Amino acid sequence: MNIRKLKIFYATATSLNMTKVAKELYISQPSVSQAIHEFEEEIGARLFDRIGKRIYLTNEGEVCLNYVRRILNLYEEATEKVNEITNQEKGKIKIGASTTIGTYILPDILKEFVEVHKGIEISLIIENTTNIEKLILENKVDFAFVEGRIISEEINKIPVWKDEIVFITSAKHPLGDKGIITPKELKKEKLIMREFGSGTREIVESFFLEKNIDYRIFMELGNTEAIKKSVEANLGVGCISKRCLEDKVEKGELKTLRMDCGNINRELILIIHKDKFMNNNMKEFIKFINK
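On a predicted model such as this, the values are computed, not experimentally measured, just so you know.

Cut-offs used in this document
- Residues numbered from 1 in each chain as written.
- Predicted model: local features only at pLDDT ≥ 70, side-chain atom pairs only at ≥ 80, totals over all residues.
- Heavy atoms only, no water.
- Salt bridge = Lys/Arg side-chain N within 4 Å of Asp/Glu carboxyl O.
- Helix = DSSP H or I, 4+ residues; strand = E, 2+ residues; numbered from the N terminus.
- Buried < 20%, exposed > 50% of the residue type's maximum accessible area, 1.4 Å probe, protein only.
- Disulfide = S-S within 2.5 Å.

1. Concerning the pattern of salt bridges
Taken as a whole, this structure holds 21 salt bridges when the rule is applied. The partner of E164 in a salt bridge is R258, with the nearest N and O atoms 2.6 Å apart. Of this pair, E164 sits in strand β6 (residues 155-170) while R258 sits in strand β11 (residues 254-259); the two residues are 94 residues apart in sequence, bridging distant segments of the chain. The exposure class assigned to R258 is partly exposed, which follows from its relative accessible area of 26%. Among the ionic pairs, K228 bridges to E225, the shortest N-O distance being 3.0 Å. Of this pair, K228 and E225 both sit in helix α10 (residues 224-232), separated by three residues, roughly a single helical turn. By relative accessible area, E225 is classed as partly exposed at 35%. Linked through salt bridges whose partners overlap, the residues forming this network are K5, E38 and E42.

Have a look at this one:
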């Protein structure tokens, strides 16, 4: 078994298209088939079903894929670490963040950190929680901060901040000055929420399910600023993190509401792959945010 076969298997298992894999890896399709065949013999199991002109992962293939991804991630880390030492490169940290954290919490922290640690370069990727989890599994970021539920058991989850989700209305909305909203009132409103895969949306919908609250989603938007603008235009009632609202509430442009049956609280968490090697720069950043 070698890294080349692992890469061919991984590419084939994730795309389920040998022709595409051959083009991406600049090898012939028979070479892809041969590498897969040899890998199956070494593993001692059939990893793909060939049905008609298509291929499908077997159960053994699904299990193998999870381990191969982790092996390739570790191999990539080892290569990067050796090159960093050999070339005496300056440190770099790749951070992922879900939308609320990446937009409203991390910028000030990053600014302070790079002022103290001038030799460390930071790159930040902002996506919804589902996509950030995928980036962690694919080793595209070193660690990340999210507000949603993480499914993979390969990822460690560490609470770092507290947060509250509130409902928002325009200053002109009849409910604006009440401060609270009942389930009966909410059911009548046009709800403006984040897109599917957002941590904020998942937390809110879990709260609705727990409290047996009926609701109707009028609009799904991909970022918090779009929700605030839509609510300001009096298109409906929004639902976002309280951390995103200070300026708008102070100016009287938006009003906040809480459910009369309880607040929607959540933890913002740091996520790291269990196999991730944490160098001193990464440890220093995590120590810094804990201050």
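After presenting the structure, the write-up continues.
2. Some details on the state of the cysteines
Covalently bonding the sulfur atom of one cysteine to the sulfur atom of another cysteine gives a disulfide. Counted according to the given criterion, the structure contains zero disulfides. Here C261 stays unpaired: no disulfide links it, and the sulfur of C239, its closest cysteine neighbor, is 12 Å away.

Limitation: the analysis is restricted to geometry and does not speak to function.
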